[in-house]
Amino acid sequence: MSAQKWTEADVPDQSGRIAIVTGSNTGLGFDTARVLAQHGAQVVMAVRDTAKGEAAAAEIRRAAPGAEVTVHKLDLGSLASVREAAAELGSAYPRIDLLINNAGVMYPPKQTTADGFELQFGTNHLGHFALTGLLLDNLLGVDGSRVVVVASVAHNIRAKIAFDDLQWERRRYERVASYGQSKLANLMFAYELQRRLAAAGAKTIAVAAHPGVSDTELIRHVPGSSLPGVKLISGLLLNSAEMGALATLRAATDPSVIGGQYYGPDGFRELRGNPKLVSSSNQSHDRNVQQRLWAVSEELTGVKFPV
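Notes on the structure in this doc start here. (Residues numbered from 1 in each chain as written. Predicted model: local features only at pLDDT ≥ 70, side-chain atom pairs only at ≥ 80, totals over all residues. Heavy atoms only, no water.)

1. Some words on the side chain of Thr22
- Looking at where Thr22 falls in the secondary structure, it is placed in strand E1 (residues 18–22).
- At 2.9 Å, the side chain of Thr22 forms a polar contact with the backbone nitrogen of Ala103.
- Reaching out from Thr22, the side chain makes a polar contact with the side chain of His128 at a distance of 2.9 Å.
- With sequence-adjacent residues up to four places away left out, Thr22 is seen in contact with Ala46, Leu74, Leu76, Ile100, Asn101, Asn102, Ala103, His128 and Leu131. (Helix = DSSP H or I, 4+ residues; strand = E, 2+ residues; numbered from the N terminus. Polar contact = N/O pair within 3.5 Å; in protein donor to acceptor, adjacent residues only side chain to side chain. Contact = heavy atoms within 4.5 Å.)

As structure tokens, then:
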């Protein structure tokens, strides 16, 4: 391992490992998939737009000739799609080493998923919650298997789990607070999942990571983000997608990682930099809220976990 900064070069050989990466046709997910493939993993790119996914897979194969990369349809905004994808993936890959819950939406205008959930909460949290529950049996017997949940510094920005109005049906919709709720939910899910895995004596661990603030397509709904001056400043201040993906890659592959840890950039306020072990908000560690969120998520998705 590098003496100071953890980089792509520190990713161990991934030969023989099967990794499913959601939202991997662009941005952080693409670079996560690329690096895993370059280090020998068989990568499944689980994406909503399979045409873009195939183009991204071809780009990875050009960067890593001989890489095993496949594309699979997954729309996290539809529980029917999640169930269909999980059934197909579970059948095709009886052994899964890595499930990387990366896909997400950030700050869109108010919208709902196919199942009527607020888009950010439904996609970022409920879709991944359901996918993980449906695929977990394929990880449980695998030595070194991991579920990696991609969270955000936004878990601490105007964030709370509003059980009385999770879908923003009663309150005036606030896209920043909604995103914060979904990212707080991601972290709480990872922590509660790890607790359940440990209690079951499972070989699988759950780990969380965040990319800092990365210059990817995810920020397209941020007001003014397309202005030339803003884009220039963003390039100077924000993590690139390649750098932002490093925290996920470390959580997924570093042999020293243990369940329940959280990785993010080492720079100022964790906005950019190389990955290190970081802390999340006190709120994210509230076990009562974690357990209540879990129960509500099972009810909303209809997915029960084997742990």
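From this point on, the discussion continues.
2. Re unusual backbone geometry
- Look at Tyr107: it is not a glycine, yet its phi comes out positive at around 60°.
- Position of Tyr107 relative to the elements: it lies in the loop between strand E4 (98–101) and helix H4 (119–135).
- The exposure class assigned to Tyr107 is buried, which follows from its relative accessible area of 13%.
- The phi angle at Glu270 is positive, at roughly 60°, despite the residue not being glycine.
- Within the fold, Glu270 resides in the loop between strand E7 (262–265) and strand E8 (275–277). (Buried < 20%, exposed > 50% of the residue type's maximum accessible area, 1.4 Å probe, protein only.)

3. Structural notes on the nonpolar core
- Counting residues in each nonpolar core, the largest one holds 50 residues, and the members touching the most others are Ile20, Leu135, Leu136, Leu193 and Phe305.
- With sequence-adjacent residues up to four places away left out, Phe305 is seen in contact with Phe129, Thr132, Gly133, Leu136, Phe189, Leu193, Trp294 and Glu298. (Core = buried A, V, L, I, M, F, W, Y, C linked by side-chain atoms within 4.5 Å.)

4. Let's talk about the side chain of Ser81
- For Ser81, the position within the fold is in helix H3 (residues 79–92).
- Of the polar contacts made by the side chain of Ser81, one reaches the backbone nitrogen of Asp75; its length is 2.9 Å.
- When residues no more than four places from it in sequence are discounted, the contact partners of Ser81 are Leu74 and Asp75.

5. Some points on the packing of helix H6 (residues 175–199) against helix H9 (residues 287–301)
- Relative orientation of the contacting elements H6 and H9 amounts to 95°, with a least axis distance of 9 Å. Comparing the axis directions of H6 and H9 gives the class roughly perpendicular. Residues Ala185, Met188, Phe189, Tyr191, Glu192, Leu193, Arg195 and Arg196 of H6 lie in contact with H9, whose contacting residues are Arg287, Val289, Gln290, Gln291, Leu293 and Trp294.
- Partitioned by chemical class, the residues of the contact of H6 with H9 number eight nonpolar, two polar and four charged. (Axes fitted to C-alpha atoms, helices over the stretch in contact; angles between N-to-C directions. Parallel < 35°, antiparallel > 145°, perpendicular 65-115°, else oblique. Nonpolar A, V, L, I, M, F, W, Y, C, P; charged D, E, K, R; others polar.)

6. Things to note about the sheet that holds strand E5 (residues 146–150)
- The strand order across the open sheet formed by eight strands is E3-E2-E1-E4-E5-E6-E7-E8, and the pairing between neighbours is mixed. The open sheet is flanked by strand E3 (69–73) and E8, the only strands paired with a single partner. The sheet shows a mean angle of 20° between the axes of neighbouring strands, taken without regard to direction.
- Two strands pair when backbone bridges link them, and E7 and E8 are joined in this way by three bridges, in the antiparallel orientation. (Pairing = 2+ DSSP bridges.)

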